[in-house]
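Examination of the molecular architecture
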Amino acid sequence: MKRSLSILAVFFVTAMLSGCIISKTPSTDEVSMTFGDQMTFSVTAFPSGGTYTWTLDGEALSNTESSYVYTALAGKHFLTVRAKQIFGTDTQTWTILSNSPPVAHTGPDQTVPEGTVVTLDGSNSTDPDGDIVSYEWVQTGGTPVTLSNPTGVTTTFQAPDVDQDGDALTFEL
């Protein structure tokens, strides 16, 4: 029993002298996020108090608290906090991976006569990460039409009779 207490005392003295981070949120060193989402990163250091210095990709941030709210940027980034306590300093670094959203390109506006088969083409759409996984065409305005393949890179419909008000059909990809 006495030996267990001695080992425990050595652990706490070592922790105090090293100023160690004893917990972190998130608890993993690699984090996946969606571009634009926010997440709070934080540490608890022993002993409590001290100062905190945050960097993102090596650039100093103005935050000096034990937590930081990060807004996901595209790509791979490194968020580091340096906790300086009375007895020492410790650091924690998270690797943050964020997927970039695709950019939809639907081509130029089209003006066609009634009854014409119209093709909507999203084949010029791009994704900075190179991983477009699906397409979805949604009609957002005008006389309702039936799309031949609403989840395809291209889809077609027959142009309806449009009244004199110029009821334009609009779509989103």
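Here's a quick rundown of the structure. Not measured: the values here are computed from a predicted model. (Residues numbered from 1 in each chain as written. Predicted model: local features only at pLDDT ≥ 70, side-chain atom pairs only at ≥ 80, totals over all residues. Heavy atoms only, no water.)

Tracing the backbone shows Asp37 in the loop between β2 (30-34) and β3 (38-45). Of the residues examined, Asp37 reaches a relative accessible area of 41% and is grouped as partly exposed. If near-sequence neighbours (up to four positions away) are discounted, Asp37 is found in contact with Tyr70, Thr71 and Ala72. (Helix = DSSP H or I, 4+ residues; strand = E, 2+ residues; numbered from the N terminus. Buried < 20%, exposed > 50% of the residue type's maximum accessible area, 1.4 Å probe, protein only. Contact = heavy atoms within 4.5 Å.)

By volume, the largest pocket is sized at about 560 Å³. Taken together, 23 residues make up the lining of the largest pocket; nearest its centre are Asp109, Gln110, Leu169, Thr170 and Phe171. At the level of elements, β9 (117-121) and β12 (170-172) are the ones that each hand at least two residues to the lining of the largest pocket. Looking at side-chain class alone, the lining of the largest pocket contains 13 nonpolar, six polar and four charged residues. (1 Å grid on protein atoms, 1.4 Å probe; cavity = no way out; pocket = protein on both sides within 12 Å on 5 of 7 lines; lining within 4 Å. Points joined across faces, edges and corners; volume = space filled by probe spheres on them. Nonpolar A, V, L, I, M, F, W, Y, C, P; charged D, E, K, R; others polar.)

With that settled, consider the sheet that holds β2. Two orientations exist for strands paired in a sheet by backbone hydrogen bonds: parallel and antiparallel. Within the open sheet, the five strands sit side by side as β2-β8-β7-β4-β5. Their pairing is mixed. At either margin of the open sheet sits one strand with a lone partner, and together these are β2 and β5 (59-60). Here 11 bridges tie strand β7 (residues 75-85) to strand β8 (residues 88-99), and the two strands are oriented antiparallel to one another. Along β8, the bridge assignment pairs Gly75 with Ser98. (Pairing = 2+ DSSP bridges.)

Our next topic: the pattern of salt bridges. Counted according to the given criterion, the structure contains one salt bridge. Across the pair Lys24 and Asp29 runs a salt bridge whose closest N-O atoms are separated by 2.3 Å. Lys24 sits in the partly exposed class, given a relative accessible area of 22%. Here Asp29 falls in the partly exposed class, since its relative accessible area comes to 43%. (Salt bridge = Lys/Arg side-chain N within 4 Å of Asp/Glu carboxyl O.)

Moving on to the nonpolar core. Among the nonpolar cores identified, the biggest contains 17 residues, and Phe41, Trp54, Tyr70, Leu79 and Trp94 are the most heavily contacted of them. Looking at this core, the elements that each hand over two or more residues are β2, β3, β4 (51-56), β6 (67-71), β7 and β8. With residues up to four places along the chain from it excluded, the contact list for Phe41 reads Thr25, Pro26, Val31, Met33, Trp54, Ser66, Ser67, Tyr68, Tyr70, Leu79, Trp94 and Ile96. By size, the runner-up hydrophobic cluster in this structure holds seven residues, among which are Val118, Leu120, Trp137 and Ala159. (Core = buried A, V, L, I, M, F, W, Y, C linked by side-chain atoms within 4.5 Å.)

Another aspect to go through is the sheet that holds β6. Read from one edge to the other, the open sheet built from three strands follows the order β1-β3-β6, with strand pairing classed as antiparallel. If you trace the sheet from one side to the other, it starts and ends with β1 (21-25) and β6, each paired once. On average, each strand axis in the sheet is tilted by 15° relative to the strand beside it, whichever way the strands run. With four bridges connecting them, β1 and β3 associate as antiparallel partners. By the bridge assignment for β3, Thr25 is matched with Ser42. (Axes fitted to C-alpha atoms, helices over the stretch in contact; angles between N-to-C directions.)

The subject of this paragraph is unusual backbone geometry. Cis geometry is adopted by the peptide bond preceding Pro26, which originates at Thr25 and carries an omega value of -5°. Mapped onto the elements, Pro26 comes out in the loop between β1 and β2. With a phi close to 55°, Asp57 is a non-glycine residue in the positive phi region. Within the element layout of this structure, Asp57 appears in the loop between β4 and β5. Note on Asp57: relative accessible area 38%, which makes it partly exposed.

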